Amino acid sequence: MKIEAITLREIHMPLVHFFETSFGRTYSRRILLITAHCDGVDGWAECVAGEDPFYSSEWAESAWPTIVRYLAPAVLGRTLGSGRECANLFARVRGHRMAKAALENAIWDAEAKQKNEPLWKLLGGTRREIPCGVSIGIQDSAEQLLDKIQIELAAGYRRIKVKVKPGWDVKVLEKIRARWPDITLSCDANSAYTLDQVEHLRSFDQFNLLMMEQPLWDDDIFYHARLQKELRTSICLDESIVSARAAAVAIETGACRIINVKVGRVGGFTEARKIHDVCQSQKIPVWCGGMLESGIGRAHNIALSTLENFRLPGDVSASKRYWKEDIIEPEVQVSPQGTIAISEAPGTGYRIKEDLIEKLTTRKETVRASA
Ligand code: OSB
Ligand code: MG
């Protein structure tokens, strides 16, 4: 499969409802899409870097020149057998994992289409349906949050995750548990606490949470291990797990009992699969995280979630929770049982609405192999 050209595009898509985490509120997504043109087949992927460098150091502006100047030249003009070969070709560039993932995953997507095989099978998946949860942001009031939870439970979602931060945590969790004592509930702090708040974090134990996601610093593993020893609630790491090596360290030190895998955060499908395997061998369940993706990134998350050790419901939910109109067809739908059915069709099983994407595009650049 010869990599002939790479197209980068920026599209703007307003969210149906703002999404607020401990680091800020997002009303509209600015999304970088990548198309890898390979022997007459186009592979697509989404870069999950945010509008601002708040979740991690990468952001929409940093990914573009990193791909144009460093990553695209590493693959352009080459003949690759598989998306698996990208990680080594990108290894000289440090960090920039979301940029790397976007290009690598576009090549995996092209490979699946070329082989006329479903992407999930190419990745080694086995599940024919995946369980879904929702991540609900910080709201203007606890009442609004309870209303939102009610709607998602009625829709069938199997796990509710709420965002927390100092000042929006224990009181809110108390209200949720007072109304729903038995639902599967977790919380995500996106690094909003420090280790000297251990007593406060220990008070979360009363809520019988499935997990507490990333309570401490985004780059920390060691102090999460200290914290985990003090808690009954299982810690799940998100931000800190940037590689299979980080996952191995987290497991060995006892920093968490669950890991959230985000294919963008870890640099692509190849590394995501390695993390899956490390966790599986250590009996640590994983689940697929989300980054408010459009249908293109969402379809890739669905494919990844078919791997066996994705045992817990992911933050992989229906298109309509985010978008008035998604850029894929059919849109991602969740059954009343809270599952997404996996298609047998080649590629992701979702068609890309190129006309709509063209209308949403604010910036576009194609890089070609030099003759
Ligand atoms: O920490 O999981 C997170 C969204 C943006 C950045 C970080 C996170 C999230 C979510 C939303 O929780 C997950 C989703 O529904 O896509
Ligand atoms: Mg998280």
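What counts as what
Residues numbered from 1 in each chain as written. Chains lettered and ligands numbered in written order. Predicted model: local features only at pLDDT ≥ 70, side-chain atom pairs only at ≥ 80, totals over all residues. Heavy atoms only, no water. Helix = DSSP H or I, 4+ residues; strand = E, 2+ residues; numbered from the N terminus. Rg over C-alpha atoms; globule rule 2.2 N^0.38 Å. Buried < 20%, exposed > 50% of the residue type's maximum accessible area, 1.4 Å probe, protein only. Contact = heavy atoms within 4.5 Å. Areas by Shrake-Rupley, 256 points an atom, 1.4 Å probe, with all protein chains shown as cover. Lys, Arg positive; Asp, Glu negative; His and termini not counted. Charge placed at Lys NZ, Arg CZ, Asp CG, Glu CD. Phe/Tyr/Trp six-rings, centres within 6.5 Å; stacked < 30°, edge-to-face > 60°. Lys NZ or Arg CZ within 6 Å of the ring centre and 35° of its normal. Pairing = 2+ DSSP bridges. Axes fitted to C-alpha atoms, helices over the stretch in contact; angles between N-to-C directions. Donors = N, O, S within 2.8 Å, 3.2 Å for Na, K, Ca; no water. Near = heavy atom within 4 Å. Polar contact = N/O pair within 3.5 Å; in protein donor to acceptor, adjacent residues only side chain to side chain. Core = buried A, V, L, I, M, F, W, Y, C linked by side-chain atoms within 4.5 Å. Domains from an automatic or database assignment. Salt bridge = Lys/Arg side-chain N within 4 Å of Asp/Glu carboxyl O. Disulfide = S-S within 2.5 Å.

1. Focus on the overall build of the protein
Thinking step 1. In terms of helices and strands, the protein carries 12 helices and 15 strands.
Thinking step 2. For 371 residues, the compact-globule formula gives about 21 Å, and the C-alpha radius of gyration of the protein, at 20 Å, lands near that figure.
Thinking step 3. Across its three principal directions, the C-alpha atoms of the protein cover 65 × 40 × 35 Å.
Thinking step 4. Counting across all 371 residues of the protein, residues that qualify as buried make up 60%.
Thinking step 5. Taking contacts inside the protein between residues at least 6 apart in sequence as the whole, the part at least 24 apart equals 72%.
Thinking step 6. Accessible surface, the protein: about 15100 Å² in total, of which carbon and sulfur atoms supply 49%.
Thinking step 7. In the protein, the 49 positive side-chain charges and the 49 negative ones have mean positions that sit 2 Å from each other.

2. Concerning the packing of aromatic side chains
Aromatic ring pairs are reported here in terms of the distance separating the ring centres and the angle at which the planes meet.
Thinking step 1. Using the criterion set out here, one finds seven aromatic pairs in the structure.
Thinking step 2. Taking 6.0 Å as the distance between ring centres and 80 degrees as the angle between the ring planes, the aromatic pair formed by Trp108 and Phe269 counts as edge-to-face. Note that Trp108 is positioned in helix 3 (residues 97–114) and Phe269 in helix 10 (residues 269–281), a separation of 161 residues in sequence. We note that Trp108, like Phe269, is buried.
Thinking step 3. Their ring planes at 65 degrees and their centres at 5.9 Å tell us that Trp217 and Tyr223 sit as a pair that is edge-to-face.
Thinking step 4. Here the aromatic cluster, defined as three or more aromatic residues joined through ring pairs, consists of Trp217, Phe222 and Tyr223.
Thinking step 5. Geometry around Trp287 places Arg159 over its ring, the cationic atom sitting 5.1 Å from the centre.

3. Topic: the sheet that holds strand 1 (residues 3–21)
Thinking step 1. Taken in spatial order, the four strands make up an open sheet running 3-2-1-15, and their pairing is antiparallel. A strand with exactly one partner marks an edge of an open sheet, and here the two such strands are strand 3 (41–47) and strand 15 (361–368). Across the sheet, the mean angle separating the axes of adjacent strands is 20 degrees when strand polarity is ignored.
Thinking step 2. In this structure, strand 2 (residues 24–38) lies alongside strand 3, joined through seven bridges in antiparallel fashion. When the sheet's bridge partners are listed, His37 is paired in strand 3 with Asp42.

4. Observations concerning the coordination of the magnesium ion (ligand 2)
Thinking step 1. Each protein donor to the magnesium ion (ligand 2) is listed here as Asp188 (OD), Glu213 (OE) and Asp238 (OD); together their distances run 2.1 to 2.3 Å.
Thinking step 2. Within one chain, the residues serving as donors to the magnesium ion (ligand 2) are arranged as D-x24-E-x24-D. Remark: Asp238 occurs in the loop between strand 9 (235–237) and helix 9 (244–253) and Glu213 occurs in strand 8 (residues 211–213); sequence separation between them is 25 residues. Note on accessibility: Glu213 and Asp238 belong to one class, buried.

5. Quick look at the site of ligand 1
Thinking step 1. Around ligand 1, the surrounding shell holds 16 residues, and the nearest of these are Ser135, Lys163, Asn190, Leu292 and Tyr322.
Thinking step 2. In this structure, Lys161 approaches ligand 1 through a side-chain N or O atom, which is 3.1 Å from an oxygen atom.
Thinking step 3. Asn190 has a polar side-chain atom sitting 2.8 Å from an oxygen atom of ligand 1.
Thinking step 4. Protein chains shield 97% of the accessible area of ligand 1, which is 390 Å² for the free molecule.

6. Overview of helix 11 (residues 295–304)
Thinking step 1. Burial runs high along helix 11: 10 of the 10 residues are buried.
Thinking step 2. Taken together, the buried positions of helix 11 are Gly295, Ile296, Gly297, Arg298, Ala299, His300, Asn301, Ile302, Ala303 and Leu304.

7. Focus on the nonpolar core
Thinking step 1. Counting 89 residues, the largest nonpolar core has Ile149, Val162, Ile176, Phe204, Ile259 and Ile275 as its most contacted members.
Thinking step 2. Taken together, domain 1 (3–116 + 351–368) and domain 2 (121–341) each give at least three residues to this core, which thus spans both.
Thinking step 3. Residue contacts for Ile149: discarding those within four places in its chain leaves Ile136, Ile160, Val162, Ile176, Trp180 and Ile183.

8. Looking at the domain arrangement of the protein
Thinking step 1. As assigned here, the protein comprises domain 1 (3–116 + 351–368) and domain 2 (121–341).
Thinking step 2. Centre-to-centre, using C-alpha coordinates, domain 1 lies 23 Å away from domain 2.
Thinking step 3. Facing 40 residues of domain 1, the contacting portion of domain 2 comprises 46 residues.
Thinking step 4. Our count for the domain 1 to domain 2 interface comes out at four salt bridges.
Thinking step 5. Notably, a salt bridge pairs Glu325 with Lys353, separated by 3.1 Å at the nearest N-O pair.
Thinking step 6. Between the two partners, domain 1 and domain 2, sit 22 residue pairs in polar contact (both at pLDDT 80 or more).
Thinking step 7. Residue assignment for the side of domain 1 that touches domain 2 shows that the elements contributing at least two residues are strand 1, strand 2, strand 3, helix 3, strand 14 (351–352) and helix 12 (354–360).

9. Quick look at the state of the cysteines
Thinking step 1. Within this structure, the stated rule accounts for zero disulfides.
Thinking step 2. Not engaged in a disulfide, the cysteine Cys47 finds its nearest cysteine sulfur in Cys86; these two sulfurs lie 14 Å apart.
Thinking step 3. By relative accessible area, which is 1% here, Cys47 ends up buried.
Thinking step 4. No disulfide involves Cys256; its sulfur sits 7.0 Å from the nearest other cysteine sulfur, which is in Cys236.

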